[in-house]
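The lines below spell out each chain.
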Amino acid sequence: MTYPGERNGSVVRVAAVGDVHLSADCRGLLRPSFETLPLCADLLLLAGDLTRHGTVPEAEVVAGEVRDLGVPVVAVLGNHDYHSEQEADVTSVLTEAGVTVLEGDHVILPVAGGKVGVAGAKGFCGGFAGRSAGEFGEREMKEFVRAAHRAAEGLHRALIEVSADGCGVRIALTHFAPVPDTLAGEPVELYPFLGSYLLAEAIDEAGADLAVHGHAHLGTEHGMTAGGVRVRNVAQPVIGRAFALYHLPPAARTPDAGPAPDRT
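Residues numbered from 1 in each chain as written. Predicted model: local features only at pLDDT ≥ 70, side-chain atom pairs only at ≥ 80, totals over all residues. Heavy atoms only, no water.

Looking now at the packing of helix α6 (residues 139-164) against helix α7 (residues 197-206). Running from N to C, α6 and α7 cross one another at 20°; their axes reach a closest spacing of 9 Å. Compared by their axis directions, α6 and α7 come out roughly parallel. As for how α6 packs across α7, the hand of that crossing is right-handed. Only Leu198, Leu199, Ala202, Ile203, Glu205 and Ala206 of α7 make contact with α6, whose side of the interface consists of Ala148, His149, Ala152, Leu155, His156, Leu159, Ile160 and Ser163. Across the contact of α6 with α7, the residue classes break down as ten nonpolar, three polar and one charged. (Axes fitted to C-alpha atoms, helices over the stretch in contact; angles between N-to-C directions. Helix = DSSP H or I, 4+ residues; strand = E, 2+ residues; numbered from the N terminus. Parallel < 35°, antiparallel > 145°, perpendicular 65-115°, else oblique. Left-handed = near helix turned anticlockwise from the far one by under 90°. Contact = heavy atoms within 4.5 Å. Nonpolar A, V, L, I, M, F, W, Y, C, P; charged D, E, K, R; others polar.)

Dropping the structure here:
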């Protein structure tokens, strides 16, 4: 997919937020801040848990907050958005409002005189290296772990496609965390339910310049994968504002190029 419109500039300005958990009583809450985005950002990333219970009326509130902002909006869903088993309808409402909702796929945006590729997947839980669930035992446990593998494989595939397109900036967008760094502040007992090391492996193997996630409300904003990719937890309770803003310099990219430096 490609998004029309382009801005010439020396950096890509990425606005991001997750875990806004909007419902009927939140109508208009974020719109004033979001309307400033054309002045400071080239795109807005939504890192899941956009609704409280994953209902269509709640999705319509989200749609009202982000419709016609003047910058492209790219989202993944979170576990709250799946709760009512209406995720397909939630996606449709957001798509009709102009939001690109990703799940194991990507979008290419012409920004800052180049191309920004966003690869997205909700991700899943399972834990981190040395403290993770294994695909062994009961059918339920196997399916739990397989869900984490499928999510990571979808993200990996999307990032490979982004890299093959020669994007100057490559962003991995998930809801669940790829690293434990950004979970600092959460009870350690919850770490296995907040993310998966498989996401970080996908990011490092395929390559990215920035990874953005939400989900961990008591976590920490800054982290890094073992391969050196910057990770940012943009859950709204963590960043404490309507959105976080990151600046990344676009770089000429070949399929084998590594991460570019950033200014986040």
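Back to the write-up after that little detour.
This part takes up the packing of helix α3 (residues 56-66) against helix α5 (residues 87-96). For the pair α3 and α5, the least separation of the axes is 9 Å and the interaxial angle reads 25°. Of the possible angle classes, the one that applies to α3 and α5 is roughly parallel. Considering the relative orientation of α3 and α5, their crossing is right-handed. Along its contact with α3, which presents Val56, Ala59, Glu60, Val62 and Ala63, the element α5 presents Asp89, Val90, Val93 and Leu94. Here the residues of the contact of α3 with α5 are counted per class, giving seven nonpolar, no polar and two charged.

One face of the sheet, then the other: side chains in a regular strand alternate in exactly this way. Of the two faces of strand β10 (residues 210-213), the one holding Leu210 and Val212 and the one holding Ala211 and His213 are both buried throughout. Alignment of strand β9 (residues 169-173) against β10, held across three bridges, turns out to be parallel. Within the sheet, the bridge partner assigned to Leu173 lies in β10 and is Val212. Handedness of the crossover is the feature at issue here: the chain leaves β9, passes through α7, returns alongside β10, and the resulting connection is right-handed. (Buried < 20%, exposed > 50% of the residue type's maximum accessible area, 1.4 Å probe, protein only. Pairing = 2+ DSSP bridges. Right-handed = clockwise from strand over helix to strand, strands pointing away.)

A few words on the confidence of the model for the protein chain. Here the protein chain averages 91 in pLDDT, and 91% of its residues register 70 or above. Note on residues 1-6: pLDDT is under 50 here. Beyond four places in sequence and across chains, it has 17 contacts. Contacts from residues 254-263, a stretch scored under 50 in pLDDT, to residues over four places away or in other chains number 26 contacts. (pLDDT = per-residue confidence, 0-100.)

Turning next to the environment of Met224. Assignment of secondary structure puts Met224 in strand β11 (residues 222-224). Here Met224 falls in the partly exposed class, since its relative accessible area comes to 40%. Apart from the residues lying within four places of it in its own chain, the contact partners of Met224 are Val179, Asp181, Val229, Arg230 and Val231.

It is worth spelling out the environment of Glu85 at this point. Tracing the sequence through the fold places Glu85 in the loop between α4 (79-82) and α5. In this structure, the C-alpha to C-alpha distance between Glu85 and Gly54, residues 31 residues apart in sequence, is 7.3 Å.

All right, on to the sheet that holds strand β13 (residues 244-248) then. Adjacent strands of a sheet pair through backbone hydrogen bonds, lying either parallel or antiparallel. In space, the five strands of this open sheet follow the order β4-β3-β2-β1-β13, with mixed pairing throughout. A single partner strand is all that each edge strand has here, and the edge strands are β4 (99-101) and β13. The average angle at which neighbouring strand axes cross in this sheet is 25°, direction not considered.

With that settled, consider the packing of aromatic side chains. A full pass over the atoms with the stated rule returns three aromatic pairs. What links up through ring pairs into an aromatic cluster is the set Phe124, Phe144 and Phe176. Directly above the ring of Tyr82 sits Lys122, whose terminal nitrogen or CZ lies 5.1 Å from the centroid. (Phe/Tyr/Trp six-rings, centres within 6.5 Å; stacked < 30°, edge-to-face > 60°. Lys NZ or Arg CZ within 6 Å of the ring centre and 35° of its normal.)

Our next topic: the nonpolar core. Phe34, Leu37, Leu44, Leu45, Val118, Ile171 and Val212 are the most contacted members of the largest nonpolar core, which has 55 residues in total. Non-local contacts of Phe34, meaning those with residues more than four positions away in its chain, are made with Val17, Leu44, Glu65, Val66, Leu69, Ala242 and Phe243. Residues Ala121, Ala148, Ala158 and Val162 belong to the second largest nonpolar core, which totals 23 residues. (Core = buried A, V, L, I, M, F, W, Y, C linked by side-chain atoms within 4.5 Å.)

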